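Summary of structural features
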Amino acid sequence: MKRFLALALVLVMALAFVGCGETSENVLTMGTNAAFPPYEMVDENNNIIGIDAEIAAAVAKKMGMKLEIKDMAFESLITAVSSGAVDVVLAGMTVTEERKESVNFSDSYATGIQVVIVTEDSAIASIDDLVGKKIGVQSGTTGDIYCAGDYGEDAVSRYDNGALAVQALLNGQVDCVVIDNEPAKAFVTANEGLKILGTEYITEEYAAAFGKESTELLDNFNKALSELKADGTIDAIIGKYIKAE
Ligand code: GLN
């Protein structure tokens, strides 16, 4: 009887241990910068919502995991995922060769276009007019990198997020803002006196980023993502936030 009790105790402890392991393994921690509508933004209840949050939640559910989102500066995201502080980044993040040196990207789930926001009365009419102008960008984004490369470091004014760059445009501190098209539309809708130039700067692919070690998680993510593309879930999530023109 004593032996049986001891065995039962060991079993109970082992099960409890496995249980703990499972709960911590079953959380997928996503890093993002929740100031990039409609991909990620904060709602009136302080929840992070948007296309990336919903895609990540759908993928996590398919993988049998629970999603947790951590909000941070866009510039910190690559370090956060490569150091393991988060498991994955979804942040309207563009796939670039330079970023591939630090992270692995999933299959792409959306397309982005770098566009130019100006004030309605601006003399800037196309990309060519940006020479010699003050360009507001979000620090560390592809818009920042391309503009600094094409127009020079001095031409670029860096802000922590798109909303601050747009504020600087409204205050006359910069002549234009270069940013991804969907947030651009959201900012122009939310603020009077702004417009988006008809000429597009650069087209890009958005994907989720993983640490170099997380190859199994990346494979599982891609598998779940492709199933969710095939059954229409991804299109439905994107369609909920972006109305077809
Ligand atoms: N797509 C841009 C990039 O990856 C901007 C993303 C963002 O600001 N969240 O650099």
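As a starting point, this report considers the structure included with it. (Residues numbered from 1 in each chain as written. Predicted model: local features only at pLDDT ≥ 70, side-chain atom pairs only at ≥ 80, totals over all residues. Heavy atoms only, no water.)

A closer look at the nonpolar core
Soluble globular proteins tend to bury their nonpolar side chains together. Formed by 30 residues in total, the largest nonpolar core has its most connected members in Leu28, Ile55, Val59, Met63, Val88, Leu90 and Phe221. Of all the elements in the fold, those that place two or more residues in this core are strand S1 (27-32), helix H2 (51-62), strand S6 (103-119), strand S11 (202-211), helix H8 (215-230) and helix H9 (233-241). When near neighbours in sequence (up to four residues on either side) are disregarded, Leu28 contacts Ala60, Met63, Met65, Lys66, Leu67, Glu68, Asp87, Val88 and Leu217. (Core = buried A, V, L, I, M, F, W, Y, C linked by side-chain atoms within 4.5 Å. Buried < 20%, exposed > 50% of the residue type's maximum accessible area, 1.4 Å probe, protein only. Helix = DSSP H or I, 4+ residues; strand = E, 2+ residues; numbered from the N terminus. Contact = heavy atoms within 4.5 Å.)

Remarks on the site of the ligand
Around the ligand, the structure places 13 residues, and the nearest of them are Ala91, Gly92, Thr94, Thr142 and Asp180. Thr142 is positioned such that a nitrogen or oxygen atom in its backbone is 2.7 Å from an oxygen atom of the ligand. Expressed as a share of its isolated accessible area of 300 Å², the protein-covered part of the ligand is 100%. (Near = heavy atom within 4 Å. Polar contact = N/O pair within 3.5 Å; in protein donor to acceptor, adjacent residues only side chain to side chain. Areas by Shrake-Rupley, 256 points an atom, 1.4 Å probe, with all protein chains shown as cover.)

Considering empty space enclosed by the protein
Here the idea is plain: a probe the size of a water molecule rolls over the atoms and shows the empty space left. Within the structure shown, the criterion is met by one cavity of 30 Å³ or more. Considering only enclosed or pocket space, the largest cavity measures out at about 100 Å³ in volume. Grouping the constituent residues of the lining of the largest cavity by class yields three nonpolar, seven polar and three charged. (1 Å grid on protein atoms, 1.4 Å probe; cavity = no way out; pocket = protein on both sides within 12 Å on 5 of 7 lines; lining within 4 Å. Points joined across faces, edges and corners; volume = space filled by probe spheres on them. Nonpolar A, V, L, I, M, F, W, Y, C, P; charged D, E, K, R; others polar.)

A look at the pairing of strand S7 (residues 135-138)
A two-sided burial pattern is seen for S7, the buried positions comprising Ile135 and Val137 on one face and Gly136 and Gln138 on the other. Pairing between S7 and strand S8 (residues 156-159): four bridges, direction parallel. Looking at S8, one finds that Ile135 is bridged to Val156. Following the chain from S7 across helix H5 (residues 142-151) to the adjacent parallel S8, one finds a crossover that is right-handed. As judged from the two bridges shared by S7 and strand S9 (residues 176-180), these two strands associate in the parallel manner. Looking at S9, one finds that Ile135 is bridged to Cys176. (Pairing = 2+ DSSP bridges. Right-handed = clockwise from strand over helix to strand, strands pointing away.)

Purely geometric stuff here, so don't read any function into it on its own.
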